[in-house]
Structure formats: structure tokens, C-alpha cells
Amino acid sequence: MGTNKIGKGYANGKIILLGEHSVVYHQPSIAIPFPAAQINVTVTQQNEPTTIHCDFYHGLLDEMPELLESLKATIQTCLERLGQPDACLTITIESQIPAERGMGSSAAVAVATTRALYDFFDYDLNQADLLAIVDISEKIAHGNPSGLDALMTSSSIPYYYIKGQPFEPINLKLTAYLVVADTGITGQTREAVQSIAAKLTSADGANYQEKINTLGKLASDGRKALESNKPILLGKLMTKVHTLLTELDVSNDALNRLVTTALNEGALGAKLTGGGRGGCMIALASNQSDALNIAAALEAAGAKNTWLYQMNGDTHE
């Protein structure tokens, strides 16, 4: 192998379109790949022990901090499977996906890194092996991952998911634009999940359970909207979901302000995405011009970053 060999790997972000939180209670959810935010990894050979270069760390693989233990495990697992445990490499990670915003950053790093290492050593990588390696990393990062982030950051089509059941690919027919805006606030998924669990066991538990069930119904309806190209319907569903999530106390002032801004700017619908209490929100627009105007308004209202994604009908894996 020549010293000029370069391995390259790519992964995209992921967005929960519908079903966050209710998915914990075996209700449907929909996730979509989000290629507007990417991670790219390059691997080259060097004579010194393997070094890592990323936003959070520059240094030796063996001295990586505990914060990056999941990435370290990804690299070590790949090298062992490739029969190259003592390889001396430079691994450079360039990420556009903000951490802890519900966009699948940890899974995306693992996907892109695995792909880059397998590419560097000219070794075929099938989807099953990729997901198995990323699952090892995600268990370190999140404890008991559903596998959704790993699938979405390595795929190009949306999926429908009910906890404990197989992922179902969605036959996307929708033509619209999705605008994603980052509040700049770290999401508080664990706290939000615990808060809902407490509500469901409270004296008013039946009322909150009804909201969870409604969220599941809205996600199921959302699948039909995606598969029959009904952006106006999808937008209405998204806004209804945000109202319910707000009533479940998993939104916050920053998210609500951005959702209101998007709707006032003509968005077909808008909602928080992911765990809530920070992180990102999403808005649906019927065309690029509207999407650009919505994005500009969101930034003026305090969004730290925005991304646009054109959803094209007839997208297949």
C-alpha cells in the first residue's frame, strides 16, 4: 500500500420528522436522512502512532479523552476487524453536524470513520457490518440505542419505526423543502424523557397518555402525507405535534420563538425535532424561495445556524 493512499468516508445527519418522545411508548415515528449537514473523514498513512484530528481533539488515538471513548472504540473495532491493529494512520474528521442537537452526530462520526477506514484498506463494507460496528460505538455513547441514528446517518431514504419492530423504508413522494434551525442550546433529551414518564404516572396520567397516543397517530398520518405528496397536510401535522410536545413540557422559549417565527414567515408547518428543551427545530416550505426567507427570519430571530434540504419525491435506496 502506497503512502499516498487516502481513505474517505461520509455520513449525513438525521432528523426526527414526527414521533419524538411518543416513540418511547411504542408509538410510530418517522426519521429522515439530512445530507445538508455532513461528516467527512479522511484516512492517510503515517510513520507515527495513529493520531486523530477533529473539532474536540488533536492527538494520539491511545490518549483520547473519555468524552470520545465511542469514537476510539469505533476505530479500534475497525482496525481489529481489518486485521490492522497496529496501523499508523492520520484520521481527520470534518463535521457540519452540531453535537447534542438531536441530529445524530455521534452515529454519523462512527459511520463516516468506519467507511473511511474500510476504504483506506480497500475492504468491502456491507450495511450489516457497518451497523454492527456503529452499534458498538453507540452503546458507549448512549447506553441502549435503538439503532435509528446508525441507520439514518448511513441511509438515503426515510424510515418509519415502532419500538421493538423492524424499520420500514418509506416510499418518499413528497416534494418540499425542510429548513432546520439550531437554537444553540444543548438538547436535554434525558430530562425530557424522565419528565414525560413522571407525567404519565401522575394523577392526570390518562390525559398525558392521550397526548402520547395522538402523537403516534399524527406520525402515522405523516407517513401517508410523505407517500402521497401532501406537503400542506404534513405541515399541519408538524404544527399539531409541536403543540402537543409543548403541552408535554419538552419545548422551551427558544424553540417556541423559532417555531412561531417560521409560521409567521409562511412555513407550512414547524416543530421542535429530537429530545427538545434545546437542540433544533424544523420548518416545512413549499419552495426554495420560501425556504430561504424562512431561514433568514429564523437567523434574525436568534437561530445559531440554519440548513436547507430539498425533499425530492421518488427517492429510493
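The chain carries the name Mevalonate kinase in an unreviewed UniProt entry, which gives Vagococcus penaei as its organism.

Considered domain by domain, the chain is made up of domain 1 (6-167) and domain 2 (171-312). Between the C-alpha centres of domain 1 and domain 2 there is a distance of 25 Å. Each partner contributes residues to the interface: domain 1 has 26 residues there, and domain 2 has 41 residues. Note on domain 1 versus domain 2: buried area summed over both sides is about 2700 Å², and carbon and sulfur give 71% of it. At the junction of domain 1 and domain 2, the tally comes to 2 salt bridges.

Turning next to the pairing of strand β5 (residues 89-95). Direction of pairing for strand β2 (residues 29-45) relative to β5: antiparallel, over a ladder of 7 bridges. What sits directly across from Val-43, in β5, is Ile-91. With 3 bridges joining them, strand β3 (residues 51-54) and β5 adopt parallel strand pairing. Across the sheet, residue His-53 finds its bridge partner in β5, namely Thr-92.

Moving on: the packing of aromatic side chains. Within the structure shown, the criterion is met by 4 aromatic pairs. A centroid spacing of 5.8 Å and a plane angle of 80 degrees characterise the contact between Phe-34 and Tyr-309, whose relative ring orientation is edge-to-face. Of the two residues, Phe-34 sits in strand β2 while Tyr-309 sits in strand β11 (residues 305-311), which places them 275 residues apart along the sequence. With relative accessibility at 0%, the residue Phe-34 sits in the buried group.

Turning our eyes to something else, we now look at the packing of helix α2 (residues 105-120) against helix α3 (residues 127-142). The N-to-C vectors of α2 and α3 enclose an angle of 140 degrees; their axes lie 9 Å apart at closest approach. As the angle between them shows, α2 and α3 are arranged oblique. In the crossing of α2 with α3, the sense of the turn from one axis to the other is right-handed. Residues Ser-106, Ala-107, Ala-110, Val-111, Thr-114, Arg-115 and Tyr-118 of α2 lie in contact with α3, whose contacting residues are Leu-130, Ile-133, Val-134, Ser-137, Glu-138, Ala-141 and His-142. Class assignment of the residues belonging to the contact of α2 with α3 gives a composition of 8 nonpolar, 4 polar and 2 charged.

Time to look at the pairing of β3. By the bridge criterion, 4 bridges tie β3 to strand β4 (residues 57-60) in an arrangement that is antiparallel. Residue pairing in the sheet places Cys-54 in a bridge with Tyr-57 of β4.

Soluble globular proteins: nonpolar side chains tend toward being buried together. In terms of nonpolar packing, the biggest core is built from 93 residues, with Leu-17, Leu-178 and Met-281 touching the most fellow members. Top element by residues in this core is α2. It accounts for 10 residues. Discounting residues that sit within four places of it in the chain, Met-281 has contacts with Val-179, Val-180, Ala-181, Leu-255, Leu-258, Val-259, Ala-262, Ala-270, Lys-271, Leu-272, Thr-273 and Leu-298. Membership of the second largest hydrophobic core comes to 7 residues, among which are Ala-31, Leu-148, Met-152 and Ile-157.

Turning to the environment of Lys-14, a few remarks are in order. Counting through the fold element by element, Lys-14 comes out in strand β1 (residues 6-18). Residue classification places Lys-14 among the buried residues on the basis of a relative accessible area of 5%. With 240 residues separating them in the primary sequence, Lys-14 and Ala-254 have C-alpha atoms 21 Å apart. Leave out the neighbours within four places in its chain, and Lys-14 touches Ile-32, Phe-34, Gly-102, Met-103, Gly-104, Asp-149, Met-152 and Thr-153.

Turning to unusual backbone geometry, a few remarks are in order. Unusually for a residue other than glycine, Asn-229 sits at a positive phi of about 55 degrees. Note on placement: Asn-229 falls in the loop between α6 (205-227) and α7 (231-247). When its relative accessible area of 36% is taken as the criterion, Asn-229 is described as partly exposed. Its identity as a non-glycine residue notwithstanding, Asp-249 has a phi of 65 degrees, on the positive side. Structurally, Asp-249 is set in the loop between α7 and α8 (253-264). Look at Asp-249 and you get partly exposed, because its relative accessible area is 39%.

The positions that UniProt labels "domain: GHMP kinase C-terminal" (unreviewed entry) are, in the present scheme, residues 224-303. Split by type, residues 224-303 is 57% helix and 14% strand. Its first and last C-alpha atoms lie 31 Å apart.

What counts, and where the lines are drawn
Residues numbered from 1 in each chain as written. Predicted model: local features only at pLDDT ≥ 70, side-chain atom pairs only at ≥ 80, totals over all residues. Heavy atoms only, no water. Domains from an automatic or database assignment. Contact = heavy atoms within 4.5 Å. Buried area = accessible area lost by both parts, 1.4 Å probe. Salt bridge = Lys/Arg side-chain N within 4 Å of Asp/Glu carboxyl O. Pairing = 2+ DSSP bridges. Helix = DSSP H or I, 4+ residues; strand = E, 2+ residues; numbered from the N terminus. Phe/Tyr/Trp six-rings, centres within 6.5 Å; stacked < 30°, edge-to-face > 60°. Buried < 20%, exposed > 50% of the residue type's maximum accessible area, 1.4 Å probe, protein only. Axes fitted to C-alpha atoms, helices over the stretch in contact; angles between N-to-C directions. Parallel < 35°, antiparallel > 145°, perpendicular 65-115°, else oblique. Left-handed = near helix turned anticlockwise from the far one by under 90°. Nonpolar A, V, L, I, M, F, W, Y, C, P; charged D, E, K, R; others polar. Core = buried A, V, L, I, M, F, W, Y, C linked by side-chain atoms within 4.5 Å. UniProt positions renumbered as here; feature names shortened; annotations may be inferred.

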